[in-house]
Every structure is written in structure tokens, then in C-alpha cells.
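Descriptive analysis of the structure
Each chain, written out:
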Amino acid sequence: MIRETSVRLRHVEEARIDADAEQVVAFTCPGDRLDPASARMLERLGVAPGELEASGLLPARVHQVATGPLLGAGRPRRVVLVGLDPEAGAVAAVRDAATIAGRHAEGDGPIAVALPTLAARRPGATEALVEGLILGRHRFDRYRSGVAPRPSALDLLVAADVAEDALIAEARRGAIVADAANWARDLATTAPADKTPEVLAEELRAVVAAAGGSVRIWSERELEAAGFRGVLAVASGSPARPAMVEIELRGDASRDAHVALAGKGVTFDSGGLDLKAVESMYTMKHDMGGAAAVAAAVYAAGRLALPVNLHVALPLVENMPSGTALRPGDVIEHWNGMTSEVVSPDAEGRLILADAISYLTTRAPRSLLAVSTLTGTTAVGADLWGVFSDAHDLAGDLVEAGRRAGEPGWALPLWRPYRSYLDSAVADLRNTGERLTYSVAGIVASLFLAEFVPPSLPWAHIDIAATVARTRLTANAAWPAGATGSPARALVRWLEATGAAA
Ligand SMILES: [Zn+2]
């Protein structure tokens, strides 16, 4: 279930520091200098900058952290100092530093903090501060015994000169977006046995419905009757029955125009009869990260009352090997009547998305996005998702939204000549080419999806196989190893801009 953080804001002047502020978060600029706003706040709390310097607590480098106790009555008991990155842009600098501070904060007691001087009076800075702190405090505690659950409240003592209402509205937005992303992280991290398609569908329904979406869960029997044979074929090897979550969110009742979103929801991908090696199978509980990120963005769009209409299809399956599993050589007739020859049962995401996409296009959306962990990796590494699209404005808008969200992506070519790799001797197309290197697999997979989209519809495929989770190698100061929730926050920023542009 989603955990909604309650945020309380008080001005630091009003708080009784001795009783109230348990921790203080302060920021430094490169080269050992306290950010001026942090310095003023610390002095107000009775902490002289020289004292931190003397105890060697000032981080000198960008994103470096120092924590330590503060002794003496009438003061916060602990300080967390983070080095700002002034080159990241004001809002991004605040969000990144706050995320790192959140990781090092303890418990859920009140935190005193001042917006860095570089972000003073910047719209979105308070939102970024709250968003970062909540993202940073994320811990997946479902299976841990004897540890405190992750905090459900954020009590901030802020030193700020912005009108209270504006501050509270921003803090609320930051909490909604961070809670949504943390929910996507929780879903992706949940053990596959605890999120079989029918179980996951119920959780998505409960959360999205509470945010104002109308949700229908398609059962296996209903999928069969309607001809979603790509979904059924992939699910056929597992005893867990498939499901599809269909969502409508009407944020702008004055218009019919809507955006269509599809997300890949493979709750566990063993590779089917194209069984993966155990090292690559180990992380395959993340293979529903696309569906989770889309559902999280829809939740946030509902809670934020964004003026957009959404139509969403999230096919959920488990891909397992068995005597009833999909075989190499099988031919599937998809929802729209097109056929695909299965070469690899491990190229299953496109088979379920083909059904979902062709279903969504029948209502004439004004644009369509598919989000999926489709191809083992994208060409742009662990920091960037890849977006494949012929619609350059749409791809550009998505990349811009990702930049603003701190969840960056990169536009990659939907190179049409590679379509010939998908030529089949027996069906309309085959589900993958022969011996594709990873670098081209993302393009070819996207071209497979393109076959199910009408030529006039602007659409994009976001491949998140490399960004859905960090590993110990790609973890950094803000993002530990584990699921990221990406690109839920980028999608929210894109939907925000889409609503504003309409
Ligand atoms: Zn697969």
C-alpha cells in the first residue's frame, strides 16, 4: 500500500528549539563554506559555524555528507551537513542535496532546515526540498523484523521568507510526488511471490482509485473473451493467472482529448523456456517497474488534480517455463488481429504491450507512451532512460520533463531500416531479430511496438531496463542500490506540462 507522508511546516523562529528540533540539516558550498542561509539558521539554533569547522564537520565536496552530534542543552541533538552542487541548477541542487540528507537523517523527529541561498525565492525549491527528504528517507521495511518502520511524517522547521500558503502548497506537492515514487520502489522491491498479477492488480486498483481514477481489472476469462492473446500467451507457463489494469482519470472534464499510457507489468521474468541465467534472473522482480511507474504517475496526477485526461492499460503476467509455456515457434494473434512469431519467450514484454497499445489506440488518444523494462540494457547507462520516438517534439518534452524531475533521459533513434530484423517467414512479424547486440535491441524492440501504433499518432517508448534499479556499482550518494521508481517523477512533470500546454 502507498504510504502517504504527512508534512508539517513551522517557522524555525516559532519553534521551541530545545524541545522541538531533533536534527538540523545544513548545506555547504564547494570549498568548505557554509551556505549563508544555513549559517544564519545554525546561529539561531545556537550553533556557531566555527564549532562545526573545529570538529571537522564541514563537507568540502559536492554531495559529500558529514553527520555528528551537537552537545549542550537547548540545541538540536544532531547535525547533517551536505555539500551542494551549485552547477546543477538551484532546484535540482536542493533536491539532490535533500535526498542525500534524507538518507542520513534519523527517525521521524522534527528537522530544522533552511533553503539554500542559491534557491531563495525560487519557485519549486521548497517542493524539491520536501521531495528530496522523503525520497532519501525511503527504506523498504516490509520483510525486516525488529527495525523501526520508515517515517510517515515529515516535521520541518523552516527558515523561510516566503508566504506560508505558497510554502505549504509546495511542500504538499513535493510529498505527493515523492510518496508516489517511493510506492513504485516498494512495488518493484516486493518479492515476486507477494505480487502475482492478481495481487498486484488489486493494490494498483486500491491506490489509484483513492486518487480519483476509475479502475477496471480484466480477469483472465475477460482477457480471453476479448482476444488479448499476447497477454495470455506469455502468462500460459505460470500457475499465476494474468490480469490487466485499465484506468481512466479525468482531470479535465471539459475536453475529450486524452493521453494513453501503457506499462509493462511482468511480475517475474524467468525468461520462460528461454530461461535466463541466474545472475540475470535475480533482479527480474523489477520487470513490472514500467507498470509501477505509470501507476505511480497516475496516482500523483490524481492527487495533484492535474488538468489531464488519462487512459491507461497495464498488462500483468508472470513469465515462467513449464509444460504449458509459450514455445519458440509459436504464433500469437494479438488483440488487433496482427500476428507475431515467437522466437524468444524471453522477449515477452513486447507481446503483452502490443495488445495493450493496440487496445489503447482505438480511443484516439492525442499521444501515447509505453514504459517498460524491455531490453536488458539501453545504450545510455544507469543514469539515463532511453526514449525511442519519431515524434521529436514529444521526445524532447519527455527529456525536458526528466531533466526537471531529476530523472533524466535521452532521445535515441527509432531507426526504421532495422524493421527488416523483425521479418518473419510465417507471421506478420517475429518478436526479436537474430543475435541482436544489446545496443540495437532497444531500437528493434521499439520498432516491434511501433507496428501496433497508427502512423499518425505521436507516441514514444521509454525503455527503463537500465534505470529501474541501481546496483552496488551504479549506486551514488542520493540513490542506494535497489529500485528507483523511475521514471514516475519524470512522467508527473511531463503530465504537468502537458496539462499546462492544453
Ligand atoms: Zn524477458
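This one's a predicted model, so the numbers in the text were calculated from it and none came from an experiment.

Details of the side chain of arginine 430
Structurally, arginine 430 is set in strand β18 (residues 429-430). Judged by its relative accessible area of 14%, arginine 430 falls in the buried class. For arginine 430, the side chain forms a polar contact with the main-chain oxygen of threonine 432, separated by 3.0 Å. Excluding residues within four positions of it along the chain, arginine 430 makes contact with Glu341, Val343, Tyr421, Leu422, Asp423, Ser424 and Phe448.

So, helix α15 (residues 488-501)
With 14 residues, α15 extends 20 Å between its outermost C-alpha atoms, agreeing within 8% with the 20 Å of an ideal straight helix rising 1.5 Å per residue. In terms of residue burial, α15 counts as a mostly covered element, since 10 of its 14 residues are buried. Within the sequence span of α15, burial applies to Ala488, Arg489, Ala490, Leu491, Val492, Arg493, Trp494, Leu495, Thr498 and Gly499.

Focus on the domain arrangement of the protein chain
Per the domain assignment, the segments of the protein chain are domain 1 (6-159) and domain 2 (186-501). The centre of domain 1, based on its C-alpha atoms, is set 37 Å off from the matching centre of domain 2. Taken together, the contact between domain 1 and domain 2 spans 14 residues of the former and 16 residues of the latter. Of the roughly 1,200 Å² buried between domain 1 and domain 2, counting both surfaces, carbon and sulfur atoms make up 45%. For domain 1, the biggest contributors to the area lost against domain 2 are Arg95, Arg103 and Phe140; these three give 37% of the whole. Our count for the contact surface shared by domain 1 and domain 2 stands at 5 salt bridges. Its salt-bridge partner being arginine 489, residue glutamate 131 comes within 2.8 Å of it at the nearest N-O pair. On inspection of domain 1 and its partner domain 2, the count reaches 11 residue pairs in polar contact (both at pLDDT 80 or more). Element by element, the count of residues in the side of domain 1 that touches domain 2 is highest for helix α4 (residues 90-104), at 5 residues. Grouping the amino acids of the side of domain 1 that touches domain 2 by side-chain chemistry returns 4 nonpolar, 3 polar and 7 charged.

Thoughts on the side chain of arginine 350
Mapped onto the secondary structure, arginine 350 falls in helix α12 (residues 349-361). Here arginine 350 occupies a buried position and makes no salt bridge, while the nearest side chain of opposite charge, glutamate 348, is found at 7.3 Å. When near neighbours in sequence (up to four residues on either side) are disregarded, arginine 350 contacts Leu374, Thr375, Asn431, Thr432, Ala445, Phe448 and Leu449.

Observations regarding empty space enclosed by the protein
The tally for this structure, following the rule as stated, stands at 3 cavities of 30 Å³ or more. There is about 90 Å³ of room inside the largest cavity. Lining the largest cavity are Arg3, Thr5, Ile134, Arg137, His138, Arg150, Pro151, Ser152, Asp179 and Asn182. In this structure, the second largest cavity spans a volume of roughly 50 Å³. What lines the second largest cavity is simply Val113, Leu115, Thr126, Leu129, Val158, Ala159, Ala160 and Leu167. If you list the elements that add at least two residues to the lining of the second largest cavity, you get α5 (125-136) and β7 (153-159). Here the residues of the lining of the second largest cavity are counted per class, giving 7 nonpolar, 1 polar and no charged.

A short note on the packing of aromatic side chains
Overall, the coordinates contain 9 aromatic pairs when judged by the stated rule. Their ring planes at 80° and their centres at 5.7 Å tell us that tryptophan 218 and tyrosine 359 sit as a pair that is edge-to-face. Of this pair, tryptophan 218 sits in strand β8 (residues 214-218) while tyrosine 359 sits in helix α12, and the two are 141 residues apart along the sequence. Accessibility assignment for this pair places tryptophan 218 and tyrosine 359 in one class, buried. With a centroid separation of 5.4 Å and an interplanar angle of 70°, the aromatic rings of phenylalanine 228 and tyrosine 359 are classed as edge-to-face. Taken as a pair, phenylalanine 228 in the loop between α8 (220-226) and α9 (229-235) and tyrosine 359 in helix α12 lie far apart in primary sequence, 131 residues in all.

Here we look at the layout of surface pockets
Any empty space left between atoms is shown by rolling a water-sized probe over those atoms. As a volume, the second largest pocket reaches approximately 770 Å³. As for the second largest pocket, its lining consists of 33 residues, and the residues nearest its centre are Asp96, Ala405, Gly406, Glu407 and Pro408. Mapped by element, the contributors of at least two residues to the lining of the second largest pocket are α4, α5, α13 (392-405) and α15. Ranked by residue count, the leading element in the lining of the second largest pocket is α4, at 7 residues. Its residues placed into classes, the lining of the second largest pocket shows 12 nonpolar, 9 polar and 12 charged.

Some details on the sheet that holds strand β14 (residues 339-341)
Taken in spatial order, the 3 strands of this open sheet run β13-β14-β18, and their pairing is mixed. Edge strands, defined here as strands with exactly one partner in the open sheet, are β13 (331-333) and β18. Pairing geometry for β14 and β18, over 2 bridges, is parallel. Each residue of the ladder has a partner; that of serine 340, found in β18, is leucine 429.

Points about the pairing of strand β6 (residues 111-114)
Neither face of β6 is left uncovered, since the one carrying Ile111 and Val113 and the one carrying Ala112 and Ala114 both have all their residues buried. Examined bridge by bridge, strand β2 (residues 23-29) and β6 share 3 bridges and lie parallel to one another. Along β6, the bridge assignment pairs valine 25 with valine 113. Two elements, β6 and β7, share 4 bridges in a ladder whose sense is parallel. Paired with alanine 112 across the two strands is leucine 157, which belongs to β7. A crossover links β6 with its parallel partner β7, the connecting element being α5, and its sense is right-handed.

Structural notes on the packing of α5 against helix α6 (residues 164-189)
Here α5 crosses α6 at 30°, and the two axes come no closer than 7 Å. Relative to α6, the crossing made by α5 is right-handed. Here Ala125, Thr126, Glu127, Val130, Glu131, Ile134 and Leu135 of α5 lie close against α6, whose contacting residues are Leu167, Glu170, Ala171, Arg173, Gly174, Ala175, Val177, Ala178, Asp179, Ala181, Asn182 and Arg185. Its residues assigned to classes, the contact of α5 with α6 comprises 10 nonpolar, 3 polar and 6 charged.

Conventions used here
- Residues numbered from 1 in each chain as written.
- Predicted model: local features only at pLDDT ≥ 70, side-chain atom pairs only at ≥ 80, totals over all residues.
- Heavy atoms only, no water.
- Helix = DSSP H or I, 4+ residues; strand = E, 2+ residues; numbered from the N terminus.
- Buried < 20%, exposed > 50% of the residue type's maximum accessible area, 1.4 Å probe, protein only.
- Polar contact = N/O pair within 3.5 Å; in protein donor to acceptor, adjacent residues only side chain to side chain.
- Contact = heavy atoms within 4.5 Å.
- Expected span 1.5 Å × (residues − 1).
- Domains from an automatic or database assignment.
- Buried area = accessible area lost by both parts, 1.4 Å probe.
- Salt bridge = Lys/Arg side-chain N within 4 Å of Asp/Glu carboxyl O.
- Nonpolar A, V, L, I, M, F, W, Y, C, P; charged D, E, K, R; others polar.
- Lys, Arg positive; Asp, Glu negative; His and termini not counted.
- 1 Å grid on protein atoms, 1.4 Å probe; cavity = no way out; pocket = protein on both sides within 12 Å on 5 of 7 lines; lining within 4 Å.
- Points joined across faces, edges and corners; volume = space filled by probe spheres on them.
- Phe/Tyr/Trp six-rings, centres within 6.5 Å; stacked < 30°, edge-to-face > 60°.
- Pairing = 2+ DSSP bridges.
- Right-handed = clockwise from strand over helix to strand, strands pointing away.
- Axes fitted to C-alpha atoms, helices over the stretch in contact; angles between N-to-C directions.
- Left-handed = near helix turned anticlockwise from the far one by under 90°.

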